[in-house]
Amino acid sequence: MLNLVHLKVLAAVARHESVTEAARELHYSQPSVSHHLSRLEAATGVKLVQRVGRGIRLTPEGRLLANRAIEIVGRVDAATSELAAQVGLRTGRVRLAANASPLSTIVPKAAMALDQAHPGLELILIERHPVEALQMLRQGEIDVALIFQYAHAPVEEEGFRLVHIGDDPIHLVSRRPDDSIANHRHSAWIGGCKRCQNELVTLCRQEGFTPRIASLSDDMVVVQALVAAGKGVTTLPGLALQAHRRPDIHTTELTNHTRRLYAATYGDPPDPPATIALIQALQDSAR
């Protein structure tokens with residue numbers, strides 16, 4: 001029996017003639033795309049894809065099924081859009097988990113936009129760090145996890161689908177203007193959550209030293225108070241400084257160092273209309 005998800009994967013592969021590009025479009029990993037193709041071949045009993053050098057091409061049977069898959073997927077997407085338009089998202093619920101900095105900046109803007117566009121839609125907000133948010137997402141306790149990733153961090157494990165929301169610059173927070181990480185090889189440092197602390201260590205090691213982490217807090221208010229009191233230096237993302245900024249500290253943007261914000265969903269597409277509306281609102285508010 002044909003599976004709609006498998007057909008979506010085949011249609012994407014046919015459009016791009018590339019597993020890599022199909023994975024990027026679908027927000028899947030490459031092994032996941034290959035797995036879906038193998039399952040579809042097992043279900044149909046025919047070879048659908050051939051290896052050609054480092055690339056792939058569809059077999060005649062694969063091209064035949066792909067043409068039908070594109071038509072079927074298009075009709076399903078159209079039906080979903082028509083139903084959403086008919087219902088108008090007059091009712092429903094969508095649950096979002098995010099950490100403090102986006103939850104106090106871009107999320108309220110998105111919430112206001114949702115209220116105006118879909119006043120009957122209930123938005124439930126929960127403060128969680130990315131690891132906890134993803135666990136809640138996997139367990140079905142939320143619908144969207146707004147997470148961040150640093151450039152040096154590994155990608156999320158298979159099963160999560162990520163939509164890029166925006167980039168958040170990283171700043172050195174100290175008591176000196178126009179400062180640099182290299183100036184603080186002997187300073188005390190203030191660490192945050194595990195992801196942030198790992199990135200802090202990476203940035204310092206790029207400057208030739210390992211930071212001496214003397215304090216731990218992931219509260220943007222506490223961290224800035226400690227810096228102002230001379231108890232150390234730290235790094236904070238731009239959204240955290242947008243949410244709260246003490247006048248007695250200095251911030252220096254670290255060029256070429258950002259963290260990327262993603263809206264993560266879990267399971268097979270398509271997402272419910274309420275989830276799609278929330279993600280779009282998040283993208284709009286992050287611009």
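All residue numbers refer to position in the chain's written sequence, counted from 1. Whole-chain, interface and lining totals are the exception, using all residues; otherwise, since this is a predicted model, local features are given only for residues with pLDDT of at least 70 and side-chain atom pairs are given and counted only at 80 or more. Side-chain figures throughout are based on the complete set of non-hydrogen atoms in the structure, without hydrogens or water.

**With respect to the sheet that holds strand β5 (residues 144-150)**
Two strands are said to pair when DSSP picks up at least two bridges between them. Numbering of helices and strands runs from the N terminus; a helix is a DSSP stretch of H or I covering at least four residues, while a strand is a stretch of E covering at least two. Strands sit in the order β4-β3-β5-β10-β6-β9 across an open sheet of 6 strands; the sheet is mixed. Each of the sheet's edge strands pairs with one partner strand only, and the pair in question is β4 (122-127) and β9 (234-237). Put simply, the sheet's adjacent strands are angled 30° from each other on average, direction ignored. Direction of pairing for strand β3 (residues 93-98) relative to β5: parallel, over a ladder of 3 bridges. Residue pairing in the sheet places Leu 96 in a bridge with Val 144 of β5. Two residues qualify as a contact provided that any one of their heavy atoms is within 4.5 Å of a heavy atom in the partner residue. An axis is simply a line fitted to the C-alpha atoms; with a helix, the fit covers only the stretch in contact. Between two such axes, the angle follows the N-to-C directions and lies from 0 to 180 degrees. Strand contacts of helix α7 (residues 130-138): β3, β4, β5, β6 (160-174) and β10 (250-266), with the helix running at about 140° to β5, the strand carrying the most contacts.

**Structural notes on the environment of Phe 148**
Relative to the helices and strands, Phe 148 is located in strand β5. Relative accessibility under 20% of the residue-type maximum defines a buried residue, over 50% an exposed one, and the middle range a partly exposed one, all with a 1.4 Å probe and only protein chains included. By relative accessible area, Phe 148 is classed as buried at 1%. Along the chain, Phe 148 and Pro 102 lie 46 residues apart, while their C-alpha atoms are 9.6 Å from each other. Excluding anything up to four places from it in sequence, Phe 148 contacts Asn 99, Pro 130, Cys 193, Arg 195, Cys 196, Arg 259, Arg 260 and Leu 261.

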